[in-house]
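Chains, contacts and geometry: an overview
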Amino acid sequence: MRAMIQLQNISLQRGPKFLLEAADLTIYPGQKVGLIGANGTGKSTLFQMLLGQLASDTGTVDIPKQWRTAHMAQEVGHTSRSALDYVLDGDSELRRLERAIVAADSDGSHNNGEQLAHLYGDMENIHAYSAPARAQQLLNGLGFSSGDDARPVTDFSGGWRIRLNLAQALMCPSDLLLLDEPTNHLDLDATLWLEEWLKRYDGTLIIISHDRDFLDNIIDRIVNIEKQKLDNYSGNYSSFERQRAEKLAQQQATFEKQQERIAHVESYIRRFRASATKARQAQSRIKELERMEKISAAHVDSPFTFTFTCNEKMSVPLVHISGANIGYGEKCILEKVELAIRAETRIGLLGPNGAGKSSLVKTLAGLLPLLAGERTNGEHFKLGYFAQHQLEALDINASAALHIQRLSPTAREQEIRDFLGSFDFHGVRAFEPITHFSGGEKARLALAIIAWEKPNVLLLDEPTNHLDLEMRHALTMALQDFEGAVIIVSHDRHLLRNTVDEFLLVADGKVSEFDGDLEDYYKWLLQQRQAQTAVEEKDAPDNENKVDKKAQRQQSAAQRQQIKPLTNKLKNLESQMEKFQSKLADIEIQLGDSSIYDDKNKANLQKLLLDQAKVQQQLDEAEENWLLISEEIEAASNA
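Because the structure is a prediction, the values reported are computed rather than measured.

Description of the packing of helix α14 (residues 400-407) against helix α15 (residues 413-421)
Contact pair α14 / α15: the axes reach a minimum separation of 10 Å and the direction vectors enclose 120°. Classified by the angle between their axes, α14 and α15 sit oblique to one another. The chirality of how α14 crosses α15 is right-handed. Seen from α14, the contacting residues are Ala400, Ala401, Ile404 and Gln405; seen from α15, they are Ile416, Phe419 and Leu420. Residue composition of the contact of α14 with α15, grouped by class: six nonpolar, one polar and no charged.

Laid out in structure tokens, this is it:
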């Protein structure tokens, strides 16, 4: 029987709710599958089932036993290991062989030469010696800067740690790769790089993603979770939309709604044709809008009906920035910035990671003062600003309705109910604390707060993170209808193509008009990378001066043999330090429990404090020994 993934008669229940009921699915080797469905339909739960972390209530799940499975962890790591080591940990076979070699070396027996020879042969077979270089390539592609590879994982923010989880999954040799929202914490540059990497991946790939362009460019099949079933559609996401639109059109009620949606997009195309100024971008944009006109019919049953109502009062311009230097403290990141925001402005910001897009956005939001130059806000300027940190600023003990009531204490309850309903917060959900809201629900609430305040400038920094495909589509439609200015930073190319008229490139310390579309920007990025590679190769020593590789390997092997006892001690100490750090972390968790300070737990508290002091002392001694041996190794290497 041919190796394949087969789910038969699967039922999966969570509480009173069935996520899947008598569902079937077959996936063949090498297929690239996009797994989609509304939030809460069971996409991540299905992944847990495929990973063997969860059993179905009925039915069977068959995955070929010889297949190696890699997946992107969603939890954030708290290890002090370096970023490079953390990524290398993804190759479990590499780490297993390394441990086996250390154990054989430390055995001290004269009879383990044959075992070591086999182990080193196995290392050669899995290309172990190129592993650090491959891990470094993954870090570079995902946007990490030079020197980041040596930093401990704990140095990075949550979003960058998720990128490390992604790199670790890509490092793992696999027959099946499961990726849950891999682009959520990526910028556009890293998304484009990942797209190319996954195109070359020759295993079986299953992706949960709400990025339609990303799905369109990678997958050859859609599995849609709908009505507790796993519905199959051949082709990419756009093909799925067309097939679903045809299916829905067979119902008279939905057909009429489809015609309304199509009329909406046709009207927008006419308005855009009338105002378009740049031929290259206009041609690309109209082509994309005509495509949207066709696919909008697939979203007639969307639960989202919101709009962004523009403030009636306008100024000309709304914001004017002249001769501005932008940066932090004494560090100037962007120089001589000239920018005028008017009601008709619809800008997408492009540029490499770290070039200054975030600084420009924070300046426009009024969070970062100019280092030099002038900024003038129009009399009626009113900003609606969305950024990921605003989700953390929401009051988790308040309901969605209370967030709105605080903005407008005199608003009627029914008015608030109707408004929140357009963002799919219905009934009790609108009036319960948002403590248990998902990331997507919090993002919807943040957008709802912006919409309620009726701004005339929308400044959106990665607004589609955590949003599902239906909400992204609704956001695109709402931005098309918005009559004020729009400025967007996003890795969602579909959103950019359908909502902005021009692009600004933030690069090399400047903000300049980008005369091209997103395809041109991708070519520009490739040219930048090639130029950077050429510079690095030029700076490298000439081939004539390079030591013969074979001799170099022999020399390195002799050196490794000489300092092997020291490196073995170092690795043992590193293992001990990791154990001590883990113990300390466990003790701190227990000490963080308020009940431990109750009188009845006094003896337990004293024991924990004694254990903490003891383990801390052991860790200090291990670290001191590690430093001494490191210095010995460095001295031996230099000699």
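Some points on empty space enclosed by the protein
This structure, assessed with the given rule, holds five cavities of 30 Å³ or more. One number sums up the size of the second largest cavity: a volume of about 80 Å³. Along its surface, the second largest cavity is lined by 13 residues, and Arg212, Leu469, Arg472, His473 and His494 are the ones closest to its centre. Of all the elements in the fold, those that place two or more residues in the lining of the second largest cavity are α9 (237-249), α17 (469-481) and α18 (493-499). Tallying contributions element by element places α17 first for the lining of the second largest cavity, with four residues. Counted by class, the lining of the second largest cavity contains three nonpolar, six polar and four charged residues.

Describing the sheet that holds strand β3 (residues 32-36)
Strand order in the open sheet formed by six strands is β5-β6-β7-β3-β8-β9, with mixed pairing between adjacent strands. The two strands at the open ends of the sheet, each matched to only one other strand, are β5 (69-71) and β9 (229-234). Neighbour-to-neighbour, the strand axes of this sheet turn through a mean angle of 20°, independent of strand direction. Alignment of β5 against strand β6 (residues 176-180), held across three bridges, turns out to be parallel.

Thoughts on the packing of aromatic side chains
The full count for this structure, using the stated rule, is 13 aromatic pairs. With a centroid separation of 5.9 Å and 80° between ring planes, the pair formed by phenylalanine 306 and phenylalanine 308 is classed as edge-to-face. Phenylalanine 308 matches phenylalanine 306 in its accessibility class, with the two residues each being buried. Between phenylalanine 308 and phenylalanine 482, the aromatic rings sit 6.4 Å apart at their centres with planes inclined by 80°, giving edge-to-face as the arrangement.

Digging into the sheet that holds strand β13 (residues 372-377)
Judged by pairing direction, the sheet is antiparallel, and its three strands sit side by side in the order β11-β10-β13 without closing on themselves. Two strands lie at the open edges of the sheet, namely β11 (331-341) and β13, each paired on one side alone. The mean angle between the axes of side-by-side strands here comes to 30°, regardless of whether they run parallel or antiparallel. Of the pairings in the sheet, the one linking strand β10 (residues 319-328) to β13 comprises five bridges and is antiparallel in character. Within β13, the position partnered with histidine 320 by the bridge is threonine 376. Of the strands in this sheet, β10, β11 and β13 are in contact with helix α12 (residues 357-364), which crosses β10 at around 130°.

What about the layout of surface pockets?
Of the volumes computed, that of the second largest pocket is approximately 1200 Å³. Every residue lining the second largest pocket is counted, 43 residues in all, and those nearest its centre are His185, Gln388, Asp461, Glu462 and Asn465. When contributions to the lining of the second largest pocket are tallied by element, the ones reaching two or more residues are α6 (158-171), α7 (188-200), β12 (346-350), α12, α13 (389-393) and α16 (439-452). In terms of residues, the lining of the second largest pocket owes the most to one element, α12, which gives five residues. Residue classes in the lining of the second largest pocket are distributed as 15 nonpolar, 19 polar and nine charged.

Let's talk about the packing of α15 against α16
Here α15 crosses α16 at 125°, and the two axes come no closer than 11 Å. The orientation of α15 relative to α16 falls into the category oblique. Both α15 and α16 take part in a crossing whose hand is right-handed. Here Glu415, Ile416, Phe419 and Leu420 of α15 come into contact with α16, specifically with Ala448, Ala451 and Trp452. By residue class, the composition of the contact of α15 with α16 is six nonpolar, no polar and one charged.

Considerations on unusual backbone geometry
The omega torsion of the bond from valine 316 to proline 317 falls at -10°, within 30 degrees of zero and hence cis. Note on placement: proline 317 falls in the loop between α11 (279-295) and β10.

Focus: the confidence of the model for the protein
The share of residues in the protein with pLDDT of 70 or more is 84%, and the mean pLDDT across the chain is 84. Below a pLDDT of 50 lies the segment residues 543-547, which in the model reaches two contacts outside its immediate sequence neighbourhood of four places, other chains included.

Observations concerning the pattern of salt bridges
Applying the stated rule across the entire model yields 20 salt bridges. When the shortest N-O distance is used, the salt bridge between lysine 199 and glutamate 196 registers 3.2 Å. Of this pair, lysine 199 and glutamate 196 both sit in helix α7, separated by three residues, roughly a single helical turn. Its relative accessible area of 39% is what places lysine 199 among the partly exposed residues. One salt bridge connects glutamate 432 with arginine 429, and the closest N-O pair in it is separated by 2.4 Å. Its relative accessible area of 24% is what places glutamate 432 among the partly exposed residues.

Reading the values: the criteria
Residues numbered from 1 in each chain as written. Predicted model: local features only at pLDDT ≥ 70, side-chain atom pairs only at ≥ 80, totals over all residues. Heavy atoms only, no water. Axes fitted to C-alpha atoms, helices over the stretch in contact; angles between N-to-C directions. Helix = DSSP H or I, 4+ residues; strand = E, 2+ residues; numbered from the N terminus. Parallel < 35°, antiparallel > 145°, perpendicular 65-115°, else oblique. Left-handed = near helix turned anticlockwise from the far one by under 90°. Contact = heavy atoms within 4.5 Å. Nonpolar A, V, L, I, M, F, W, Y, C, P; charged D, E, K, R; others polar. 1 Å grid on protein atoms, 1.4 Å probe; cavity = no way out; pocket = protein on both sides within 12 Å on 5 of 7 lines; lining within 4 Å. Points joined across faces, edges and corners; volume = space filled by probe spheres on them. Pairing = 2+ DSSP bridges. Phe/Tyr/Trp six-rings, centres within 6.5 Å; stacked < 30°, edge-to-face > 60°. Buried < 20%, exposed > 50% of the residue type's maximum accessible area, 1.4 Å probe, protein only. pLDDT = per-residue confidence, 0-100. Salt bridge = Lys/Arg side-chain N within 4 Å of Asp/Glu carboxyl O.

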